[in-house]
Amino acid sequence: MESLAEFDEVVAAHGTLAQYRIQAVDLTDRTDVLLTTDTTGAVFLGCPMSPEAAARAGASGALVFPPVPDLPFDPYRAFVYTPGELFDSLDAGYEATPDACSYAWFQQTRADGDIFGSMLRSIHDDAVSDALDELLVGARVVGVMGGHAMARGTAEYAGAARLGRELARTGFTVATGGGPGAMEAANLGAYAAPFDDGMLDEALELLAKAPSFRPSVTDWARAAFEVRERWPDGGPSVGIPTWFYGHEPPNAFAAHIAKYFANATREDGLLARSNAGVVFLPGAAGTVQEIFDNATPNYYESRGEPTPMVLVNEAHWSEKLPAWQLLTSLAGERAMASRIALVDRIEQASQALKRLTS
């Protein structure tokens with residue numbers, strides 16, 4: 001159970017909580033229910049409740065994992081994050097937000113080597129993975145990978161945004177690494193998908209006033225929320241960032257943000273969930289790593305049939321960072337050979353993805 005409404009529904013329908021798992025539900029107003037309902041074998045994960053309710057549940061055979069005080073995040077959370085949640089208190093500056101405070105906590109506990117902190121990070125990341133899996137049931141997910149350095153106001157950023165919009169309008173769920181640059185642009189495009197084409201052009205102009213998250217994350221984030229306020233209720237997409245790279249803030253255009261402490265879990269999870277393929281925009285070391293992290297299960301077919309991989313910008317991937325030659329050599333006569341493509345222009349990426357999918 002992940003909500004109070006669900007809790008009430010189960011109690012009303014079955015009259016028992018025995019063997020149920022209740023996750024991050026505030027039960028402070030359900031003391032009477034907890035004192036009179038069978039909780040044998042139940043597990044309460046981070047559920048606020050009265051001391052007498054907790055004592056009674058424990059005595060009747062339930063496991064009660066209480067909320068952990070003084071944390072900037074909930075390790076037992078039942079849902080992925082929203083931009084408003086991570087950027088709460090942005091008016092006081094980015095340093096005051098839960099996102100920045102969680103990164104500061106991560107830095108401190110990692111430096112201390114605190115085993116309790118390590119345990120909390122692991123619990124949190126597992127909860128986020130569970131929430132992300134629930135969110136994406138039945139979705140056709142296309143990952144869009146690219147560097148964080150792509151600046152707002154550039155032709156490349158606008159192209160990545162148009163790609164995200166086209167993918168969303170085609171019916172795909174756009175998923176990115178959730179950060180700035182190419183990642184933000186693709187999430188922005190998905191956000192713009194329900195609006196007329198002029199909306200994206202205007203949004204790009206507004207965002208260009210704060211081209212980068214450096215030197216001010218606050219100004220960069222405020223520009224994004226200005227766009228969201230002017231055009232509310234944009235299209236959904238997913239961002240999967242990490243506090244491991246805490247100097248890179250999450251972007252505000254992904255409706256659903258699955259933020260992790262462990263970057264390895266985040267990287268593998270993003271690629272594994274991109275079941276309809278991945279588009280790789282120009283990037284540096286991180287994007288190169290993602291190409292071959294995705295190629296490996298395609299090569300061995302360890303996740304089933306190989307999924308499409310589209311690399312964008314021939315000069316970048318053939319000359320500057322010649323990943324394409326290695327990728328085609330690796331593919332050889334494997335099944336994945338028919339699922340890879342290199343295109344020169346970003347406008348060609350969506351069509352290439354469709355061709356490889358058919």
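Rules of the game
Numbers given for residues are sequential positions, taken from 1 along each chain in its written order. For a predicted model such as this one, the threshold for reporting local features is a pLDDT of at least 70, and the threshold for listing and counting side-chain atom pairs is 80 or more; totals across whole chains, interfaces and linings nevertheless cover every residue. Side-chain calculation: all heavy atoms of the structure are included, whereas hydrogens and water are not. Per the convention used, a helix needs a DSSP run of H or I reaching at least four residues, while a strand needs a run of E reaching at least two, with both numbered from the N terminus. Radius of gyration: C-alpha atoms only; globule rule: 2.2 Å multiplied by the number of residues to the exponent 0.38. Here's how the labels work: a residue is buried when its accessible area is under 20% of the maximum for its type, exposed when over 50%, partly exposed in between, all with a 1.4 Å probe on protein chains only. We call two residues in contact when some of their heavy atoms are within 4.5 Å. Each accessible area is a Shrake-Rupley estimate made with a 1.4 Å probe; only the visible protein chains count as cover when residues are assessed. The charged-residue count follows a simple rule in which Lys and Arg add positive charge and Asp and Glu add negative charge, with His and chain termini not counted at all. A single reference atom marks each charge: NZ on Lys, CZ on Arg, CG on Asp, CD on Glu. Any N or O atom pair separated by 3.5 Å or less is treated as a polar contact, with the protein-specific requirement of one donor-capable and one acceptor-capable atom, and with residues adjacent in sequence counted only for side-chain atom pairs. Arc, as used here, means the arc of the directions from the helix axis to the C-beta atoms. Here a pair means two rings of Phe, Tyr or Trp (six-membered ring of Trp) with centres within 6.5 Å. Their orientation is stacked below 30 degrees between planes, edge-to-face above 60, and tilted elsewhere. Between any two strands, pairing holds if DSSP finds at least two bridges. Axes here mean lines fitted to C-alpha atoms, for a helix over just the part in contact, with angles spanning 0 to 180 degrees between N-to-C directions. In plain words, nonpolar cores are sets of buried Ala, Val, Leu, Ile, Met, Phe, Trp, Tyr and Cys residues tied together by side-chain atoms within 4.5 Å. We call a crossover right-handed when, viewed with the strands running away from us, the connection from the first strand over the helix to the second turns clockwise. Exposure above 30% relative accessible area and the absence of a salt bridge qualify a residue for a patch, where like charges join within 9 Å and nonpolar side chains (Val, Leu, Ile, Met, Phe, Trp, Tyr) within 5 Å. A pairing counts as a salt bridge when a side-chain nitrogen of Lys or Arg comes within 4 Å of a carboxyl oxygen of Asp or Glu. With respect to orientation, any angle under 35 degrees is reported as roughly parallel, any angle over 145 as roughly antiparallel, any angle of 65 to 115 as roughly perpendicular, and every other angle as oblique. By convention, the crossing between two helices is left-handed when the near helix turns anticlockwise from the far helix through less than a right angle, and right-handed when the turn is clockwise. Side-chain classes follow a simple rule in which Ala, Val, Leu, Ile, Met, Phe, Trp, Tyr, Cys and Pro form the nonpolar group, Asp, Glu, Lys and Arg form the charged group, and the remainder, Gly included, forms the polar group.

Draft legend 1. Just the overall build of the protein, in detail. Each helix and strand counted, the protein has 15 helices and 10 strands in total. For the protein, whose C-alpha radius of gyration is 22 Å, the value lies close to the compact-globule estimate of 21 Å for 358 residues. Expressed as a percentage of its 358 residues, the buried residues of the protein come to 52%. Here the analysis covers contacts within the protein between residues at least 6 apart in sequence; of these, 63% occur between residues at least 24 apart. Working note: accessible area of the protein is about 15500 Å², and carbon and sulfur atoms make up 52% of it. One way to put it: in the protein the 26 positive side-chain charges average out to a point 6 Å from where the 47 negative ones average out.

Draft legend 2. View of the side chain of Arg-339. Topologically, Arg-339 is positioned in the loop between α14 (323-331) and β10 (340-343). A distance of 3.3 Å separates a polar atom in the side chain of Arg-339 from the backbone oxygen of Leu-356. Contact partners of Arg-339, with chain neighbours within four places excluded, come to Glu-305, Pro-306, Thr-307, Pro-308, Met-309 and Leu-356.

Draft legend 3. Structural detail: α14. Looking only at α14, the buried set comprises Ala-323, Trp-324, Leu-327 and Ala-331. Projection of α14 onto a plane perpendicular to its axis shows the buried side chains occupying an angular sector of 95°, all on one side. Summarising the geometry of α14, the exposed residues directed more than 90 degrees from the buried face are Leu-326 and Ser-329. Its buried side turned inward, α14 meets α12 (285-300), β9 (309-312), α13 (314-320) and β10.

Draft legend 4. Expanded view of the packing of aromatic side chains. Within the structure shown, the criterion is met by 13 aromatic pairs. Between Phe-213 and Trp-220, the aromatic rings sit 6.3 Å apart at their centres with planes inclined by 75°, giving edge-to-face as the arrangement. Judged by its relative accessible area of 4%, Phe-213 falls in the buried class. Here Trp-220 falls in the buried class, since its relative accessible area comes to 2%. Relative to Tyr-245, the ring of Phe-244 has its centre 5.1 Å away and its plane inclined at 75°; by these criteria the two rings are edge-to-face.

Draft legend 5. Seen up close, the sheet that holds strand β2 (residues 43-45). Taken in spatial order, the 3 strands make up an open sheet running β1-β2-β3, and their pairing is parallel. Among the strands making up the open sheet, the edge pair consists of β1 (21-23) and β3 (63-65). The sheet shows a mean angle of 5° between the axes of neighbouring strands, direction not considered. The pairing of β2 with β3 spans 3 bridges and is classified as parallel. Among the inter-strand pairings, Phe-44 is bridged to a residue of β3, identified as Val-64.

Draft legend 6. The arrangement of the nonpolar core in detail. Core analysis: the largest hydrophobic core is formed by 65 residues, its most contacted members being Leu-281 and Val-310. Once residues within four sequence positions are removed from consideration, Val-310 is found in contact with Val-278, Val-279, Phe-280, Ala-341, Val-343, Ala-349, Ala-352, Leu-353 and Leu-356.

Draft legend 7. Inspection of the sheet that holds strand β4 (residues 141-145) at higher detail. Read from one edge of the open sheet, 7 strands run β7-β6-β5-β4-β8-β9-β10, paired in parallel fashion. The two strands at the open ends of the sheet, each matched to only one other strand, are β7 (256-257) and β10. Note: strand β8 (residues 278-280) against β9, 3 bridges, orientation parallel. Residue Phe-280 lies in a different strand from β9, and its bridge partner there is Leu-311. Packing of helix α8 (residues 182-192) onto the sheet brings it into contact with β4, β5 (173-176) and β6 (238-239), and relative to β5 it is tilted by some 160°.

Draft legend 8. Inspection of the pairing of β4 at higher detail. The buried fraction of β4 amounts to 5 of the 5 residues, a majority that puts the element mostly inside the structure. Where burial is concerned, the two faces of β4 agree: the one with Val-141, Gly-143 and Met-145 and the one with Val-142 and Val-144 are both buried. Pairing analysis gives 4 bridges linking β4 to β5, with the strands arranged parallel. Of the residues in β5, the one forming a bridge with Val-144 is Thr-176. Handedness of the crossover joining β4 and β5 through helix α7 (residues 155-170) is recorded here as right-handed.

Draft legend 9. Layout of a nonpolar patch on the surface. A cluster of nonpolar side chains, namely Ile-115, Phe-116 and Met-119, defines an oily patch on the protein surface of about 320 Å² accessible area. Relative to the assigned elements, Phe-116 resides in helix α6 (residues 115-135).

Draft legend 10. Seen up close, the pattern of salt bridges. Counting across every chain of the model gives 13 salt bridges. For the salt bridge of Arg-345 with Glu-347, the shortest nitrogen-to-oxygen distance reads 3.6 Å. One connected set of salt bridges, linked through shared partners, spans Arg-162, Arg-345 and Glu-347.

Draft legend 11. The arrangement of the packing of helix α5 (residues 98-112) against α6 in detail. As a packed pair, α5 and α6 sit with axes 8 Å apart at the nearest point and diverge in direction by 135°. As the angle between them shows, α5 and α6 are arranged oblique. Considering the relative orientation of α5 and α6, their crossing is left-handed. Contact residues: α5 offers Trp-105, Phe-106, Thr-109 and Arg-110, while α6 offers Gly-117, Leu-120 and Arg-121. By residue class, the composition of the contact of α5 with α6 is 3 nonpolar, 2 polar and 2 charged.

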